[in-house]
Amino acid sequence: MNQVKPGGTVAPIHISTDKTKLTQFVGGKAAYPVYMTVGNIPKAIRRKPSQHACVLIAYLSVDKINSSAMGMSDQEHRIKVQRVFHEAMRVVLEPLIEAGKRGVEMISSDGSIQEVFPLLSCYAADYSEQCLVACTKYGTCVKCRVKATELGNHLPAEARNAPWTTSIINKARHDSEALEGVPRNCQFYTDCMSHDVAGTVFRPFWDGFPLCDIHQAITPDILHQLYQGVFKHLVSWCQKALGARRLDARIRTLPPTYGVRHFKNGISALSQVLGGERKNMAKILLGCLVGAVPKGGILAVAGLLDFIYIAQYSAHNSTTLGYLEDSLKRFNQHREYFIKIGVRKDFNIPKFHSLLHYVNSIKLFGTTDNYNTELFERLHIDYAKEGWRASNQQDEFPQMIQWLSRREKIAAFRAYLKSLPPITQTTMADTTMSTEATSTHSTSISIAKHLAFPKSPIALVKAKHNALDFDHYLKVYINGLQTTPLPLRQLDNHTLPFSQVHVFNQFHLHPTVIHNDEPDSPDVVRALRKTETHPYGRFDTVVALVGDDAESTGLAGQ
Amino acid sequence: MLDTSLGPRQCPDAWHSGPMAFVEWYSPTPPSAQENHGLMYRIKKMKTSQGRIPGAIIPLGNIRQICMLSPAFDHEIPKTWRSDNVLDLASTFYVNNWSSKYAYQTIW
């Protein structure tokens, strides 16, 4: 079978697996959830855990295999663990084979019956799990046949595909079975590894899945590949290039900005760096390098940062994908800088190599926010950690499953109640609520109802806000409103007709939405006057229009 | 209504009625950003010929977005520079278009 029946509906199945710790410090309890979602669901809905668009379909075994007691070598142990994974995944996902081949009748939201073909199309996981899933030798690329020593090449090698991988495994299995005397597992392992295929599993779980190529299905991963992988390397190289203390000193000196974390002790002292912290480092890194790193280094870092930012666009076209390719080229072109200063010998790093496959994955599966592992990491809280807390922490998985299925039933019932025609009284309340909500979004600025400092004397504002020429510019402004304005140089001879102003100390900015995204939370702009505890106050920097109809923007600070 | 020294006065209709902001301008963004500055715009504090920092009263709605300024560091950081006073003490800055995904897509 190599095509879906005409008239059939394809339901691309996204799978994600990710081990997570349940206990923080002691006990070492872990869960290994398998999540599933469907590609036909809009991403705005999919990323809201409350919409239940991603479901937990299994917990894989996290039981430890006591290898020393059973007299297993490390390699045998690894083989056992990987086979258990593939066998378990086959049990979980096997129903997809028949369903994908024959189709399943489902009722769509308009009540009509559709023939749906669920096909395994995306698999999101971190690098070690990608290797496990795709039966790829650890340290090579899961998508192409590039040698581990050539990962730094500027172009990808010939693509891996599922039939090729299975043929290597089958041949190695056949050859090793024919042998006598030599341990079979061992010969099988060496044969597979010589082709950079993991020589552990005889039958990968995805073997026989209709229209599924597991190597293609492995998706890019912003969090693990870009921030915790590529960018982590980049920061460590920059620390070496500049000196960790010097970089820290620069980071400490940056002005506070809304939405940007201030690392008041620098970054080298952080022990465990979370994804959110990496993102904040990416926001400030380049500014701290300018002036200390030569042009080649700056261009390499800027190229890689461009890649990281553009890869996260929530909409792409051939132009922006061209920018993405171009940014990687710029990095590759200038990365020699890190070799020259001796912080790196080569760039044979799997995560750096994986960047070469981003454009193709985005073309196949859409923008990266469709299959980001961050989405699934968020689900750990609901589907693993909260369930764990609700259990008595003995023989926890049956309890967690029961707890979760009850919650799902409640959510389903709530959704059903919502779908019913509402009672009249609530309609009234609902409509007024919704109009209020839309009106706040249409304005791009909102400010408090009550003033922070009503009737502040102008002299006080000048001093406390570090605004020495405030009265002068007030005169300029009011003069500009007059029908016959005075020449500017005469203004100093005139006094203002009032001596007090109302002062707000902050307002909220709702930036215009790009790419029809969901609106982000508003930015807060502050102008906090000097106090004893904050002798310099805080005056945020903003971009403002110079005139009412200015096209290009000037930059201003208050 | 405007509370003037001659008593309350009605403001002319043409006057802007919403909140206003007092801003001090940095130098306009240069026509292009340099590669060795990481393609970030370099801006400076300015003084007018009368020794004033250029400023203006503008309607709050003219403020379009937040921007982060990254001070232009020399080889050594002056000892007096700290996070809370660096905007006052430094004279040259880079407009940090990496500070958010929004800034990245709107400042270039």
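Parameters and conventions
Residues numbered from 1 in each chain as written. Chains lettered and ligands numbered in written order. Predicted model: local features only at pLDDT ≥ 70, side-chain atom pairs only at ≥ 80, totals over all residues. Domains from an automatic or database assignment. Nonpolar A, V, L, I, M, F, W, Y, C, P; charged D, E, K, R; others polar. Helix = DSSP H or I, 4+ residues; strand = E, 2+ residues; numbered from the N terminus. Expected span 1.5 Å × (residues − 1). Bend = angle between axes of the 7 residues up to and from the residue. Buried ≥ 20, exposed ≤ 12 C-beta atoms within 10 Å, placed from the backbone. Contact = placed C-beta atoms within 7 Å. Pairing = 2+ DSSP bridges. Arc of directions from axis to C-beta.

All names here are of chain A. We note that the domain assignment places domain 1 (9–135 + 200–219 + 372–417), domain 2 (224–368), domain 3 (444–452 + 504–558) and domain 4 (453–499) within chain A. For domain 2 and domain 3, the distance between their C-alpha centres works out to 28 Å. Taken together, the residues that form the side of domain 2 that touches domain 3 break down as three nonpolar, two polar and no charged.

The next thing to look at is helix α10 (residues 275–289) of chain A. Between the first and last C-alpha of α10 of chain A there are 21 Å, a value that for 15 residues agrees with the 21 Å anticipated at 1.5 Å per step. The principal kink in α10 of chain A, of about 35°, is found at K283 of chain A. For α10 of chain A, every residue scored as buried is listed here: K279, M281, A282, K283, I284, L285, L286, G287, C288 and L289 of chain A. Looking at the buried residues of α10 of chain A, the elements they touch are α8 (222–242), α9 (244–253) and α11 (295–310) of chain A together with β7 (68–71) and β8 (92–96) of chain B. Looking one or two places after α10 of chain A, you find G291 of chain A, whose phi comes out positive at around 95°.

If you look at the interface, chain A gives 62 residues, while chain B gives 62 residues. Split by residue class, the side of chain A that touches chain B holds 40 nonpolar, 15 polar and seven charged. Bridge count for strand β14 (residues 541–544) of chain A against strand β6 (residues 63–66) of chain B is three bridges, and the pairing is antiparallel. Each bridged residue has a counterpart across the sheet, and for A544 of chain A the counterpart in β6 of chain B is I63 of chain B.

All names here are of chain A. Across its 20 residues, helix α2 (residues 74–93) extends 29 Å between first and last C-alpha, which sits within 8% of the 28 Å expected from 1.5 Å per residue. For α2, the full list of buried residues reads I79, F85, H86, M89 and L93. Buried residues of α2, viewed axially, fall in a sector of 125°; they line one side. Those residues of α2 hidden inside the fold are in contact with α3 (95–102), β7 (113–124), α4 (127–134) and α6 (184–193).

Let's shift gears to the pairing of β8 of chain B. Residues and elements named next belong to chain B. Among the five residues that make up β8, four are buried, leaving the element largely enclosed by the rest of the structure. Judged from the three bridges that link them, strand β4 (residues 42–44) and β8 form a sheet pairing that is antiparallel. Bridge pairing in β8 links I43 to F93. When β7 meets β8, the two strands line up antiparallel, connected through four bridges. Across the sheet, the residue bridging to L69 is V95, located in β8.

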